Amino acid sequence: MASENQKKLIVFDVEGVLIPKVRFVLFEVAAKIGPWAFMKAAFFGILYESSIISLKKTLRSLYGLFKGISLERFVSVFQGMPLMPGVITVFRDLKESGFKIALVSSGIPRVALDRMNERLGADYVSGLEIGLSDGLLTGDIWGDVIEPEGKAVALSKILGSGGMPNCYCIGVADDRNNLPLFQLCNLKIGYNPDFILT
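Here goes a summary of the coordinates provided. None of these values were measured; they are calculated from a predicted model.

Compared with the 21 Å implied by 1.5 Å per residue over 15 residues, the 21 Å span of helix α2 (residues 35-49) between its first and last C-alpha is a close match. Within α2 the residues assigned to the buried category are A37, A41, F44, G45, L47 and Y48. An end-on view of α2 places all buried positions within 160° of arc, on one side of the element. Structural note: α2 exposes P35, W36, I46 and E49 on the side pointing more than 90 degrees away from its buried face. Elements in contact with the buried residues of α2: α1 (25-33) and α3 (55-65). Of the residues trailing α2, S51 is marked for its positive phi of about 60°.

See the structure below:
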């Protein structure tokens, strides 16, 4: 367990942990485009869940569907997402107890996480980057979090930038995409975890 004076960081996966598991955010964006986009998004989701295509390829396919959507329209979907009950209280209590808090997501872009974080007050945010042209999404995405082991890379950068290389780190996540991140955590918490994470 962490010593009294040791720096402490708790890193949260976002979808399925802070946002209810039944809310598939990117699918909801696709649904706002139209039924055909939603069906395509669901198809890519099934391929990923069946381990037929990689996370990176899935996300590139999904964000390709969003080409031409305005950034404000896109981000508004995330701003309207309900948080899990008690999340804001938990974050406040963690901060009062001396924890630093990080949000790490592979699917949600950093710009949307920043907006969400206005309600939460986390210290660090890491998400994918999205291409923009004249305020419209280009469909391009990049960043550490979409790569294999990407969440571990993102967490390593947070630990380095925060001057916390030897901190006591707690990870909270729900699915297999977070296994690399968990390798860097002293305490691993599976929140409604899938079979592989369990």
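Turning to the layout of surface pockets, a few remarks are in order. Of the voids in this model, the largest pocket is the one considered here, and its volume is about 650 Å³. Lining of the largest pocket is provided by 28 residues; of these, E15, F24, Y48, E49 and D175 occupy positions nearest its centre. Breaking the lining of the largest pocket down by element, the ones donating at least two residues are α1, α2, α3 and β2 (99-109). Here the lining of the largest pocket takes five residues from α2, the largest share from any one element.

Here the structure, examined in full by the defined rule, presents six aromatic pairs. Centre to centre, the rings of F27 and F38 are 6.4 Å apart; their planes meet at 85°, and the pair counts as edge-to-face. Of this pair, F27 sits in helix α1 while F38 sits in helix α2; the two residues are 11 residues apart in sequence, bridging distant segments of the chain. Between F66 and F74, the aromatic rings sit 5.6 Å apart at their centres with planes inclined by 50°, giving tilted as the arrangement. Of the two residues examined, F66 and F74, each falls in the buried class. Among the aromatic side chains, those forming a connected cluster through ring pairs are Y63, F66 and F74. Across from the ring centre of F99, 5.0 Å away, lies the NZ or CZ of K8, which sits over that ring.

With that settled, consider the sheet that holds strand β5 (residues 168-173). With mixed pairing, the six strands of this open sheet are ordered in space as β4-β3-β2-β1-β5-β6. Every interior strand has two partners, whereas the edge strands, β4 (136-142) and β6 (187-190), have only one. Within this sheet the neighbouring strands show an average axis-to-axis angle of 25°, counted without direction. Inspection of the sheet shows strand β1 (residues 8-13) paired to β5 by five bridges, in the parallel sense. Of the residues in β5, the one forming a bridge with F12 is V172. Contacts from helix α5 (residues 87-96) reach β1 and β2 within the one sheet, and its direction differs from that of β2 by about 140°.

Calculation rules
- Residues numbered from 1 in each chain as written.
- Predicted model: local features only at pLDDT ≥ 70, side-chain atom pairs only at ≥ 80, totals over all residues.
- Heavy atoms only, no water.
- Helix = DSSP H or I, 4+ residues; strand = E, 2+ residues; numbered from the N terminus.
- Expected span 1.5 Å × (residues − 1).
- Buried < 20%, exposed > 50% of the residue type's maximum accessible area, 1.4 Å probe, protein only.
- Arc of directions from axis to C-beta.
- Contact = heavy atoms within 4.5 Å.
- 1 Å grid on protein atoms, 1.4 Å probe; cavity = no way out; pocket = protein on both sides within 12 Å on 5 of 7 lines; lining within 4 Å.
- Points joined across faces, edges and corners; volume = space filled by probe spheres on them.
- Phe/Tyr/Trp six-rings, centres within 6.5 Å; stacked < 30°, edge-to-face > 60°.
- Lys NZ or Arg CZ within 6 Å of the ring centre and 35° of its normal.
- Pairing = 2+ DSSP bridges.
- Axes fitted to C-alpha atoms, helices over the stretch in contact; angles between N-to-C directions.

Scope: geometric values only; no functional claims are made or implied.
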